[in-house]
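Per-entry structural report
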Amino acid sequence: GDELWLAHLTPGPEKKSVFVIFEDRTAVHRAERARADFLANASHELRTPLTAVSGFIETMLGPARDDRESWDGFLEIMHQQTERMRHLVADLLSLSRIEFSEHRAPDTIIDLCDVTSRSILSLQPLAHDKKVHLDFDTQASDIPITASSDEISQVVQNLVSNAIKYSRDGGRVKVMTGTAPSMSEAGRLATRFIDGAGRSILLQPRASSEARAAWVRVEDCGEGIARKHLSRLGERFYRVDESRGGEIEGTGLGLAIVKHIMARHRGGLAVASKEGEGSVFGVWLPIADAESRLTDD
Ligand code: ADP
């Protein structure tokens, strides 16, 4: 439980007085624990492919030295494993960069539709490989938000690439953007209601501002996610089903990155899903107000 400890005991210089400061260390311990867990997870995730690669190198230098025919197969696996490490390191770097800048609010005005459509364009090849039909539809042609365009683009790419990855071959992924009169309404629009689906808000906007808001919604008709997993999805390295996850490339960091980026943008992130029917991931954030648009011009 909560731990209180004596931090200070000072007799005052003139009057005899004593200051006793109680400090709640629970949050500090929790943060230290999270950091230790994170390092352990990250090291473990990197060690697995590294062990595979060094194992193959040893084999190629030793028992399989003269068996050149089997080298192609070994190289193929080593290539896959180094790609896995490369993705992991890229995601770890993104995460630490975003955490580092999280206390600084973004200050440029960008168009959400523009960023979203460009991100989608860059994922068309991935959709094509999986024979997934990728659609984009927007309710408004210009949605000004105060944001980092690289980060919002990463949010869209992470959500859309998940929707493609976890879709069946030949499936359909639909992305929509729009505006709403308030943040709470945007949160509702960001995750379409599926009958009988579980819904979880992975990040609730800090300020319950009633300002106008923008949203992006990514829907897929993939395998869906069981209700019990929904609330844990934004945790680093959390993957729904490790055995299933093993087949589909991933680091388990994509949604944690989305969550951090949205926190920096004072936005929200939610998911609704039903097993066998599909998932809907949505993000929402305030629209840049007219004043900041003027100062930007
Ligand atoms: P990963 O790199 O494993 O995809 P993410 O953080 O992006 O990591 O996602 C975490 C987990 O959430 C995934 O491993 C997957 O199990 C589940 N998930 C995310 N998006 C979807 C989706 N659209 N459909 C089904 N499962 C999903």
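So, a few notes on the structure that sits alongside this text. (Residues numbered from 1 in each chain as written. Predicted model: local features only at pLDDT ≥ 70, side-chain atom pairs only at ≥ 80, totals over all residues. Heavy atoms only, no water.)

Side note on the nonpolar core
Convention followed: To form a nonpolar core, buried Ala, Val, Leu, Ile, Met, Phe, Trp, Tyr and Cys residues must be joined to one another through side-chain atoms within 4.5 Å. Relative accessibility under 20% of the residue-type maximum defines a buried residue, over 50% an exposed one, and the middle range a partly exposed one, all with a 1.4 Å probe and only protein chains included. Contact between two residues is taken to exist if any of their heavy atoms lie within 4.5 Å; hydrogens are not considered.
Within the largest apolar cluster, 51 residues are counted, with the highest numbers of intra-cluster contacts made by Leu134 and Leu233. In contact with Leu233, other than residues within four places in its own chain, are Leu202, Ile225, Tyr238, Val240, Leu255, Val271 and Phe281. Core analysis: the second largest hydrophobic core is formed by 9 residues, Met176, Ala180, Ala186 and Ala270 among them.

Topic: the side chain of Arg217
What counts here: Numbering of helices and strands runs from the N terminus, with a helix taken as a DSSP run of H or I at least four residues long and a strand as a DSSP run of E at least two residues long. Counted as a polar contact is a pair of N or O atoms within 3.5 Å, where, for protein atoms, one must be capable of donating a hydrogen and the other of accepting one, and residues adjacent in sequence contribute only when both atoms are in side chains.
Counting through the fold element by element, Arg217 comes out in strand β8 (residues 213-220). Classification of Arg217 as buried rests on a relative accessible area of 12%. Reaching out from Arg217, the side chain makes a polar contact with the backbone oxygen of Leu189 at a distance of 2.9 Å.

A short note on the packing of aromatic side chains
To be explicit about the condition: Aromatic pairs are defined between Phe, Tyr and Trp rings, using the six-membered ring for Trp, whenever the two ring centres lie within 6.5 Å; interplanar angles under 30 degrees are classed as stacked, those over 60 as edge-to-face, and all others as tilted. Over a ring means this: the NZ of a Lys or the CZ of an Arg is within 6 Å of the ring centre and within 35 degrees of the ring normal.
On inspection of all chains with the given rule, the structure shows 2 aromatic pairs. Aromatic side chains Phe56 and Phe74 sit 5.2 Å apart centroid to centroid with 40° between the ring planes, which places their arrangement in the tilted category. One end of the pair, Phe56, is in helix α1 (residues 26-61); the other, Phe74, is in helix α2 (residues 71-101), and 18 residues separate them in sequence. Across the pair, exposure class does not vary: Phe56 and Phe74 are buried alike. The ring of Trp71 has Arg68 sitting right over it, with the charged end atom 4.1 Å from the ring centre. Across from the ring centre of Phe38, 4.4 Å away, lies the NZ or CZ of Arg236, which sits over that ring.

Observations concerning the layout of surface pockets
Counted only if it meets this: Using protein atoms alone on a 1 Å grid, points that fit a 1.4 Å probe yet trap it form a cavity, whereas open point sets bounded by protein on both sides within 12 Å along at least five of seven lines form a pocket; residues with an atom within 4 Å of a point count as lining. Grid points are joined across faces, edges and corners, and a volume is the space filled by probe spheres set on the points. By the convention adopted, Pro, Cys, Tyr, Trp, Phe, Met, Ile, Leu, Val and Ala count as nonpolar, Lys, Arg, Asp and Glu as charged, and the other residues, Gly among them, as polar.
By volume, the largest pocket amounts to about 1,100 Å³. If you tally residues by element for the lining of the largest pocket, the top one is helix α4 (residues 149-165), at 8 residues. Considered class by class, the residues forming the lining of the largest pocket number 15 nonpolar, 15 polar and 11 charged.

Some words on the side chain of Glu219
Within the fold, Glu219 resides in strand β8. When its relative accessible area of 10% is taken as the criterion, Glu219 is described as buried. Within polar-contact distance, the side chain of Glu219 engages the side chain of Arg192 at 3.1 Å. Every residue in contact with Glu219, bar those within four places of it in the chain, is listed here: Arg172, Val173, Lys174, Arg192, Ser279 and Val280.

So, empty space enclosed by the protein
What the rule picks out here adds up to 2 cavities of 30 Å³ or more. Roughly 40 Å³ of volume is contained in the largest cavity. Every residue lining the largest cavity is listed: Thr191, Arg192, Phe193, Ile194, Ala197, Arg199 and Ala272. Residues of the lining of the largest cavity, tallied by class, amount to 4 nonpolar, 1 polar and 2 charged. The space that makes up the second largest cavity amounts to roughly 30 Å³. Lining the second largest cavity, in full, are Leu112, Ile152, Val155, Val216, Met262, Val283 and Leu285. Every element with two or more residues in the lining of the second largest cavity is listed here: α4 and β10 (278-286). A breakdown of the residues in the lining of the second largest cavity according to their chemical character gives 7 nonpolar, no polar and no charged.

Description of the site of the ligand
Heads up, the condition is: Nearness is defined per residue: one heavy atom within 4 Å of the molecule or strand is enough. Molecule-in-pocket calls rest on the fraction of atoms, with more than half required to lie within 2 Å of the cavity or pocket grid points.
Around the ligand sit 19 residues in total, of which Asn162, Asp220, Arg239, Thr251 and Leu255 are the nearest. A distance of 2.7 Å separates an oxygen atom of the ligand from a polar side-chain atom of Asn162. Thr251 has a polar backbone atom sitting 2.7 Å from an oxygen atom of the ligand. Judged by the proximity of its atoms to the pocket grid, the ligand belongs to the largest pocket. Contributing elements (two or more residues each) for the shell around the ligand: α4, α8 (254-264) and β10. Grouping the amino acids of the shell around the ligand by side-chain chemistry returns 9 nonpolar, 6 polar and 4 charged.

Examining the sheet that holds strand β9 (residues 268-274)
Convention followed: Pairing between strands is defined by DSSP: at least two bridges between the two strands are required. Axis definition: a line fitted to C-alpha atoms, over the contacting stretch in the case of helices. Angles run 0 to 180 degrees between N-to-C directions.
Spatially, β4-β6-β8-β10-β9-β7 is the arrangement adopted by the 6 strands of the open sheet, whose pairing is mixed. Since the sheet does not close on itself, it has two edges, and those belong to β4 (133-138) and β7 (198-203), each with one partner. Here the strands of the sheet are splayed against their neighbours by 15° on average, with no regard to which way each runs. Two strands pair when backbone bridges link them, and β7 and β9 are joined in this way by 5 bridges, in the antiparallel orientation. Following the sheet pairing, Gly198 is matched in β9 by Ser273. Contacts from α8 reach β7, β9 and β10, with the element oriented near 20° to β10.

A look at the environment of Ile77
Within the element layout of this structure, Ile77 appears in helix α2. A residue is classified by how much of its surface remains accessible, and Ile77, at 31% relative accessible area, is partly exposed. Here the alpha-carbon distance between Ile77 and Leu121, two residues 44 residues apart in the chain, equals 30 Å.

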